Amino acid sequence: MIRFILSDLRRLWAGSLVVVLLVALATALGVCVVLQERALRLGSARAADKFDLVIGAGGSETQLVLSSVFLQPSPLPLMPGDVLARLAADPRVGWAAPISFGDSFTGYPIVGTTGTLVENLSGGFAEGKAFAREGEAVIGSAVKLPLGGEVKPMHGSAEEGGETHTELVYHVAGRLRPTGTAWDRAILVPIQAVWHIHGLGAEAHEAEAGHDHEHEGASHDAHEHHGEIDPDAVIDEKWAADAPGLPAILVKPKTIADAYKLRQEYRSGNTVAVFPGEVLTNLYGTLGDAKQILVAVAAGAQALVAASLVLVTVIHIGQRRRQIGALRAFGAPRGAIFGIVWLEFFFLVAVGIGLGFTFGYAAALTLSGMFSQTSGIAMPVGFAREDAGLAALLLAFATLLAALPAVLAYRQSPAQALRA
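Residues numbered from 1 in each chain as written. Predicted model: local features only at pLDDT ≥ 70, side-chain atom pairs only at ≥ 80, totals over all residues. Heavy atoms only, no water.

> What am I meant to see in the side chain of T179 here?
Note that T179 resides in the loop between strand 9 (170-176) and strand 10 (187-190). Judged by relative accessible area, which is 15%, T179 ranks as buried. A distance of 2.8 Å separates a polar atom in the side chain of T179 from a polar atom in the side chain of D184. If near-sequence neighbours (up to four positions away) are discounted, T179 is found in contact with K50, L121, S122 and D184. (Helix = DSSP H or I, 4+ residues; strand = E, 2+ residues; numbered from the N terminus. Buried < 20%, exposed > 50% of the residue type's maximum accessible area, 1.4 Å probe, protein only. Polar contact = N/O pair within 3.5 Å; in protein donor to acceptor, adjacent residues only side chain to side chain. Contact = heavy atoms within 4.5 Å.)

This is how it looks when you write it as structure tokens:
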């Protein structure tokens, strides 16, 4: 029987190939949707795990997390600078790191922050050391710059027609270890230097007496040059109540209880405190709706392919009536005819399903790689236990689908088949 089936498939190789490809492409669509959605969930969740609590000015919690955790460029409102001083002195806080953004360099976001965040972000350095002076920078693992390389900050981005700051050129002092987050593509500089470049901070205010400057955190409505800044100035991370306004502060509470207390305390007035994981849960709800739509589209495509295959096989059985009649005339029992036709069709569909899982996995890997390259977030693509259930469901459907042409062949009598 097996030899007969293989011989039949070789003789009808073109039609068999079409059946396999149709099944493979329909299956790949559904598999790719499932794997890509799971990779996005896992990648974003792991990125958010780096940060326990984010505090910002009142506004969109989602945008606060997207900007501060995933470094998506967007203007954020500023909270008073004294919030940072209070957090730094709070015994419930392990560390608090302010962040400021809005500048970039060759497509990499420049983030103003502190040595505390640099030391705690990735668990160490791949090479070099932390910045110690205003003219030094630390780069993420995916930033393509050498140690000692120059970073010329640009207000905004080149696509937006940004203007390069001339007050200060940073030099790379160290490279962090990979984190699998958007921070791998970030350039970290002293927030003190960012303030001075934009005319903020105590020293800048003394130099610019009588002038008002407004700092917008992620974007600046007015761009001004404020003269040369000393790149060798020592960094001072002792925060005063009159510190410039900040778009966000990343906080590491000492205990889980402290985290909830701090979130409650800073969710009133002119600040908002969020757990990034909770915000992501809401986003996952939206992603879940989108996934259902895509899965429905994939299921519709698979149903159309199944209907096409049924039509093709019915026509195919009609064309093979003489062959079936000859087999029956030579004494082949009905059960053998049923088995040959069923096994042949099931084999084609099963091969198509196997190729579909392979194609879907390859497509998800490609898409995740493209997304990781642009965002810096590692997107782990892999199969889970529930995927075995999907494969079993598809094979069960193939079993039923293959039975239709087999039943048609089973019901044909030798005399009718030979007269056809």
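> Would you explain helix 4 (residues 82-89) in this entry?
Along helix 4, the residues that are buried comprise V83, L84, A85 and L87. Of the surrounding secondary structure, the elements contacted by the buried residues of helix 4 are strand 1 (53-57), strand 2 (93-105), strand 11 (248-253), helix 8 (256-265) and strand 12 (271-274).

> I'm lost on the pairing of strand 10 in this one. Help?
Sheet faces and side chains relate simply in a regular strand, where the side chains alternate between the two faces. Relative to strand 10, strand 3 (residues 108-113) runs parallel, the two being bridged by 4 bridges. By the bridge assignment, T113 is partnered in strand 10 with P190. By the bridge criterion, 2 bridges tie strand 5 (residues 136-139) to strand 10 in an arrangement that is antiparallel. Across the sheet, the residue bridging to V138 is L188, located in strand 10. (Pairing = 2+ DSSP bridges.)

> How do you make sense of the pattern of salt bridges when you look at a structure like this?
Close approach of charged atoms allows side chains of opposite charge to pair. Within the structure shown, the criterion is met by 10 salt bridges. R263 is the partner of E278 in a salt bridge, and the nearest nitrogen-oxygen pair spans 2.6 Å. Note that E278 is positioned in helix 9 (residues 276-319) and R263 in helix 8, a separation of 15 residues in sequence. Taking the relative accessible area as the measure of exposure, E278 reaches 38% and is therefore partly exposed. On the accessibility criterion, R263 (17% relative accessible area) is buried. Where salt bridges share partners, they join R38, E386 and D387 into one cluster. (Salt bridge = Lys/Arg side-chain N within 4 Å of Asp/Glu carboxyl O.)

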